[in-house]
Amino acid sequence: SIALIAPAGRVQSPKPACLESLGELGNGEMQKRGIQRMTKRLFELEEAEGGFDQFTRSYKTFGVQRQPDNSLFFKEWAPAAEALFLTGDFNGWDKFSHPYTKKDFGKWELILPPKHDKSPAVDHHTKLKVVVHTKEGERLYRISPWAKYVKREEKSVIYDWVHWDPPQPYNVIHSRPTKPTSLRIYEAHVGIASPEGKIASYTNFTNNVLPRIKDLGYNCIQLMAVMEHAYYASFGYQITSFFAASSRYGTPDELKELIDVAHSMGIVVLLDVVHSHASKNTEDGLNHFDGSNSCYFHSPPRGEHTLWDSRLFNYSSWEVLRFLLSNLRWWMEEYRFDGFRFDGITSMLYHHHGIGTGFSGDYSEYFGLQVDEDSLVYLMLANHILHTLYPDCITVAEDVSGMPALCRPVEEGGLGFDYRLAMAIPDKWIQILKELKDEDWNIGNITHTLTNRRYGEKCIAYAESHDQALVGDKTLAFWLMDKEMYTNMSSMIPMNPIINRGIQLHKMIRLVTHGLGGEGYLNFIGNEFGHPEWLDFPREGNNQSYHYARRQFNLVDMDHLRYCQLYAFDRDMNRTEDKYGWLAAPPAYVSAKHEEDKVIVFDRANVVFIFNFHPNKSFQGYRVGVEVPGKYKIKLDSDMAQYGGHGRLDHSTEFFTEAQPFNGRSNSILVNIFNITLLTHQRSSFVECHRAVDFEHTSNVNPGLL
């Protein structure tokens, strides 16, 4: 049987990395302590706040709240402030006319009675500011950390707090879909989701991108860069307003409609949430909100991330827990997201933040004084609360360290995530394409990377994500075909060897990753059809150009270009998985990883996958091990002409097993393999046939053909 081991060459984990198994390794004390600290926190929340349900609804009491009589209640936490005032359009920007009242524990409150006509004192879509007076005598202008909408004027560099209280808010139409058993994620960025050189909108995504995602067979969208970030080129990872959906794409109601329409299509939506750090911005961010160098963050140096130039949260603080846990609840309740992809988990888990640190797999690297237990307890709390309140909530962790028990239940001492990203897989594919000739591909190493994950912890596999597409790198398609994509992607001319190789490998890499790499699959927007070039946001270094900050869906819509062939393969790959469910099945059994032949064979979920990665060899009468006897038929074939292949396989052929054990399987069949062949067992007919199955004969195989 195949050994399932830790990511990136880490130690083997023969059983779930839970409290019991880690205890045997002498590391169970940290898990026990984590459970004890989390349990203590839950008890404290029950005593002081009436439980975590009430505590995580603090977005209904902090910031600004309209009361039944249309009075407005304002509340902030600013422990280091000497005084707080509210100013804005409503009072002609008078800096002193509306002071907050100081309360216990650094809280400040203000009530604005309604106008004479009983309407709220602050009109919808008007500007506000919190004026903070510090003990040092400074006067600071700040945005409420709980602001639900912020906007930047065209010629301004600073975002403004805009009161959002529409007279006719969006009404939800559709219920949430059920949680998918096989998670197929479409990672997307609203702003780049258009061929036009501009920032695209929520409405554009709803009308033009959602139908494509549905057609492609993805059942989950991971939305990036939704939490407001002042710097567009940060890709949404330098958050300035945690409760505000980015206004550069449209209004909060337009985002709500996007999610609602996705739900009507049976698609769940995850938010790429950033709780690992925050922007250093002061006037439109959390930094120095009350004039101090701490407040929501640790004081420097602990409170600063030297590599990201950002601030780090103090997860031991009661009010920081209120802020972050309520933030998760806000996105689930107000916008009806279905879960989260937690960014930067490695930075949270360790005091060294992963900077200049490697992970060999030794358990001492994961359990010791270098671990930030406050962060660990916060993540346990977040997952416990989310999964208790929303049983179908999906949480995904981005961690490069391979922390054991990251995706084990909290009651076992795990952190409670549903999935972790298999981050070694895309790195491996980029390394291979950058450094190795086709004949030097190490089939065993590829298979090892795809299967090397902790037992009992689900992984999201992907060949490439936004990380691989960013400037300084290139998409897989561009690594494979480079400048040839500009002139030779027409289906009206014969494929040259570079385009031929690129198209075939693009499909093979994605399918072998899909079938073997994990319990979920992820694709970054546009890469399903081989998007060329790279991704680069407008910035000073490129003269504020949007040329590379867009997705050229128009390429797919041109039938004479081969992009539509890659799109069709990606679509049918997902639809085939939807039918057979290999992502929800136990890990695959790899029966062949032949170095000389460059062949990989594995079976999973009653499906046999056969890959020939040899640069110039095809094989006739190739024996493949299968477990279940009977008849097999081709169900997905990368060599089909509609996928940019050469159509050399006869799909009417039936493959009958021979009672000849082979490569650890009880039976075997004989096949001819050119590109990728995907076979399924036909349970309706169990017939033995002791002969080779003949394929359509093809001679003189092109050396560039895979």
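Residues numbered from 1 in each chain as written. Predicted model: local features only at pLDDT ≥ 70, side-chain atom pairs only at ≥ 80, totals over all residues. Heavy atoms only, no water.

Asker: Sorry, what's going on with the overall build of the chain here?
Answerer: A count of helices and strands for the chain gives 15 helices and 29 strands. Taken over the C-alpha atoms alone, the chain extends approximately 90 × 60 × 45 Å along its principal axes. In the chain, buried positions account for 62% of the 706 residues. Accessible surface, the chain: about 26400 Å² in total, of which carbon and sulfur atoms supply 50%. Both charge centroids of the chain, one from 73 positive and one from 88 negative side chains, sit 1 Å from each other. (Helix = DSSP H or I, 4+ residues; strand = E, 2+ residues; numbered from the N terminus. Buried < 20%, exposed > 50% of the residue type's maximum accessible area, 1.4 Å probe, protein only. Areas by Shrake-Rupley, 256 points an atom, 1.4 Å probe, with all protein chains shown as cover. Lys, Arg positive; Asp, Glu negative; His and termini not counted. Charge placed at Lys NZ, Arg CZ, Asp CG, Glu CD.)

Asker: Please clarify how the state of the cysteines should be interpreted in this entry.
Answerer: Such a bond, covalent and formed between the sulfur atoms of two cysteines, is termed a disulfide. Within the structure shown, the criterion is met by zero disulfides. Looking at Cys407, it has no disulfide partner, and the nearest cysteine sulfur is the one in Cys459, 6.8 Å off. With relative accessibility at 7%, the residue Cys407 sits in the buried group. (Disulfide = S-S within 2.5 Å.)

Asker: Is there a simple way to think about the pattern of salt bridges in this case?
Answerer: In total, this model carries 49 salt bridges according to the counting rule given. Ionic pairing is found between Asp160 and Lys127, a salt bridge with its closest N-O pair at 3.4 Å. Taken together, the positions of Asp160 in strand 9 (residues 159-162) and Lys127 in strand 6 (residues 127-134) put the pair 33 residues apart, joining distant regions of the chain. Classification of Asp160 by relative accessible area gives buried; the value is 15%. Salt-bridge contacts for Glu577 lead to Arg184; the nearest nitrogen and oxygen are separated by 2.6 Å. Note that Glu577 is positioned in helix 15 (residues 563-580) and Arg184 in strand 10 (residues 183-189), a separation of 393 residues in sequence. The pair Glu577 / Arg184 is uniform in exposure class, with both members buried. Connected through salt bridges with shared partners, the residues Arg33, Arg37, Arg302, Asp372, Glu373 and Asp374 form a single ionic network. (Salt bridge = Lys/Arg side-chain N within 4 Å of Asp/Glu carboxyl O.)

Asker: What's the story with helix 2 (residues 28-49) in this structure? I'm lost.
Answerer: Residues that lie three or four places apart on an α-helix share one face, since the helix turns once every 3.6 residues. Under the 1.5 Å per step criterion, the end-to-end length of helix 2 is 31 Å for 22 residues, consistent within 8% with the ideal 32 Å. If you check which residues of helix 2 are buried, you get Gly28, Met30, Gln31, Gly34, Ile35, Met38, Arg41, Leu42 and Leu45. Gly50 occupies a position one or two residues after helix 2 and carries a positive phi of about 80°. (Expected span 1.5 Å × (residues − 1).)

Asker: Mind showing me how you'd approach the nonpolar core here?
Answerer: The nonpolar side chains of soluble globular proteins are, as a tendency, buried together. In terms of nonpolar packing, the biggest core is built from 152 residues, with Phe205, Leu223, Trp331 and Trp429 touching the most fellow members. When residues of this core are assigned to domains, at least three map to each of domain 1 (58-163) and domain 2 (587-682). Counting residues in each nonpolar core, the second largest holds 24 residues, with Ala81, Tyr100, Leu112 and Tyr159 among its members. (Core = buried A, V, L, I, M, F, W, Y, C linked by side-chain atoms within 4.5 Å. Domains from an automatic or database assignment.)

Asker: Explain the domain arrangement of the chain here, please?
Answerer: Along its sequence, the chain is organised into domain 1 (58-163) and domain 2 (587-682). Inter-centroid distance (C-alpha atoms) of domain 1 to domain 2 is 66 Å.

Asker: What am I meant to see in the sheet that holds strand 19 (residues 419-421) here?
Answerer: Hydrogen bonding along the main chain pairs the strands of a sheet, whether they run parallel or antiparallel. Ordered by their spatial adjacency, eight strands build a closed barrel running 10-11-14-17-18-19-20-21, and the pairing between neighbours is parallel. Each strand axis lies, on average, 30° off the axis of its neighbour in the sheet, ignoring direction. By the bridge criterion, five bridges tie strand 10 to strand 21 (residues 520-524) in an arrangement that is parallel. Bridge pairing in strand 21 links Ile185 to Leu522. Along the sheet face, helix 6 (residues 318-334) touches strand 14 (268-273) and strand 17 (339-342) and points at about 135° away from the line of strand 17. (Pairing = 2+ DSSP bridges. Axes fitted to C-alpha atoms, helices over the stretch in contact; angles between N-to-C directions. Contact = heavy atoms within 4.5 Å.)

Asker: How do you make sense of the packing of aromatic side chains when you look at a structure like this?
Answerer: Each aromatic ring pair is described using two quantities: the centre-to-centre distance and the angle formed by the ring planes. Applying the stated criterion to the full structure yields 44 aromatic pairs. Between Tyr350 and Phe359 the ring centres are 5.3 Å apart and the planes differ by 45°, which places this aromatic pair in the tilted class. We classify Tyr350 as buried; its relative accessible area is 0%. Over the ring of Trp479 we find Lys474, and its NZ or CZ is 4.2 Å from the ring centre. Above the plane of the ring of Tyr589 lies Arg665, whose end atom (NZ or CZ) is 3.8 Å from the centre. (Phe/Tyr/Trp six-rings, centres within 6.5 Å; stacked < 30°, edge-to-face > 60°. Lys NZ or Arg CZ within 6 Å of the ring centre and 35° of its normal.)

Asker: How should helix 6 be read in this particular structure?
Answerer: With 17 residues, helix 6 extends 23 Å between its outermost C-alpha atoms, agreeing within 8% with the 24 Å of an ideal straight helix rising 1.5 Å per residue. Among the 17 residues in helix 6, 14 count as buried, and that is most of the element. Following helix 6 by one or two positions, Arg336 adopts a phi angle in the positive range, close to 65°.

Asker: Looking at this model, I keep getting lost on unusual backbone geometry. Mind explaining?
Answerer: Phi is mostly negative for residues that are not glycine, and the peptide bonds are mostly trans. The residue after Pro300, namely Pro301, is reached through a cis peptide bond having omega 5°. Its location among the elements puts Pro301 in the loop between strand 14 and strand 15 (304-305). Residue Asp482 is not a glycine yet carries a positive backbone phi of 45°. Within the secondary structure layout, Asp482 lies in the loop between helix 12 (476-481) and helix 13 (484-487).

Asker: Can you walk me through the environment of Gly339 in this structure?
Answerer: With respect to the secondary-structure elements, Gly339 resides in strand 17. Residue Gly339 is classed as buried on the basis of its relative accessible area of 0%. With 307 residues separating them along the chain, Gly339 and His646 place their C-alpha atoms 42 Å apart. Not counting residues up to four positions away in its chain, the partners in contact with Gly339 are Val269, Leu270, Leu271, Met332, Cys393 and Ile394.

Asker: How do you make sense of the UniProt feature "active site" (unreviewed entry) in the chain when you look at a structure like this?
Answerer: Under the local residue numbering, the UniProt record ascribes the feature "active site" (unreviewed entry) to Asp343 and Glu398. The greatest C-alpha distance among the residues just named is 5.5 Å, despite their covering 56 residues of sequence, which places them together in space. With respect to the secondary-structure elements, Asp343 resides in the loop between strand 17 and helix 7 (345-349). According to the relative accessible area criterion, Asp343 is buried, its value standing at 8%. Apart from the residues within four sequence positions on either side, Asp343 is in contact with Tyr237, Asp272, Val273, Val274, Ser276 and Glu398. Here Glu398 is in contact with Arg341, Phe342, Asp343, Gly344, Ile345, Thr346, Leu421, Met423 and Asp467, once residues within four sequence places are set aside. Side chain to side chain, Glu398 and Arg341 meet in a polar contact 3.5 Å long. (UniProt positions renumbered as here; feature names shortened; annotations may be inferred. Polar contact = N/O pair within 3.5 Å; in protein donor to acceptor, adjacent residues only side chain to side chain.)

Asker: Just to check I follow, could you spell out the pairing of strand 24 (residues 607-612) for this structure?
Answerer: Working note: regular strand, side chains alternate between the two faces of the sheet. With six of six residues buried, strand 24 is to be regarded as a mostly interior element. In this antiparallel pair of consecutive strands, strand 23 (residues 599-604) and strand 24, the connection spans two residues, and Ala605 shows a positive phi of 55°.

Asker: Would you explain the packing of helix 2 against helix 8 (residues 373-389) in this entry?
Answerer: Axis angle and axis distance: for two packed helices, these are the angle between their axes and the distance between the axes, and together they describe the pair. In contact at an axis separation of 9 Å, helix 2 and helix 8 are set at 60° when each is read in the N-to-C sense. Between helix 2 and helix 8 lies a crossing of right-handed hand. The segment helix 2 lies against helix 8, with Met30, Arg33, Gly34, Ile35, Arg37, Met38, Arg41 and Leu42 engaging Glu373, Asp374, Leu376, Val377, Met380, Leu381 and His384. Its residues placed into classes, the contact of helix 2 with helix 8 shows eight nonpolar, two polar and five charged. (Left-handed = near helix turned anticlockwise from the far one by under 90°. Nonpolar A, V, L, I, M, F, W, Y, C, P; charged D, E, K, R; others polar.)

Asker: For this particular structure, what's the right way to read the sheet that holds strand 4 (residues 101-102)?
Answerer: On the basis of which strands lie adjacent, the open sheet formed by four strands has the order 1-2-5-4 and antiparallel pairing. For this open sheet the edge positions go to strand 1 (63-66) and strand 4, each flanked by a neighbour on one side alone. Relative to strand 2 (residues 72-77), strand 1 runs antiparallel, the two being bridged by four bridges. What sits directly across from Arg66, in strand 2, is Leu72.

Asker: Help me understand the side chain of Lys598 in this model?
Answerer: Within the fold, Lys598 resides in the loop between strand 22 (589-594) and strand 23. Here Lys598 is buried and forms no salt bridge, its nearest opposite-charge partner Glu595 lying at an N-O distance of 4.1 Å. In this structure the side chain of Lys598 is engaged in a polar contact, spanning 2.6 Å, whose partner is the backbone oxygen of Trp441. Among residues more than four places away in sequence, those in contact with Lys598 are Asp438, Glu439, Asp440, Trp441, Ile443, Phe611, Asn612, Phe613 and His614.

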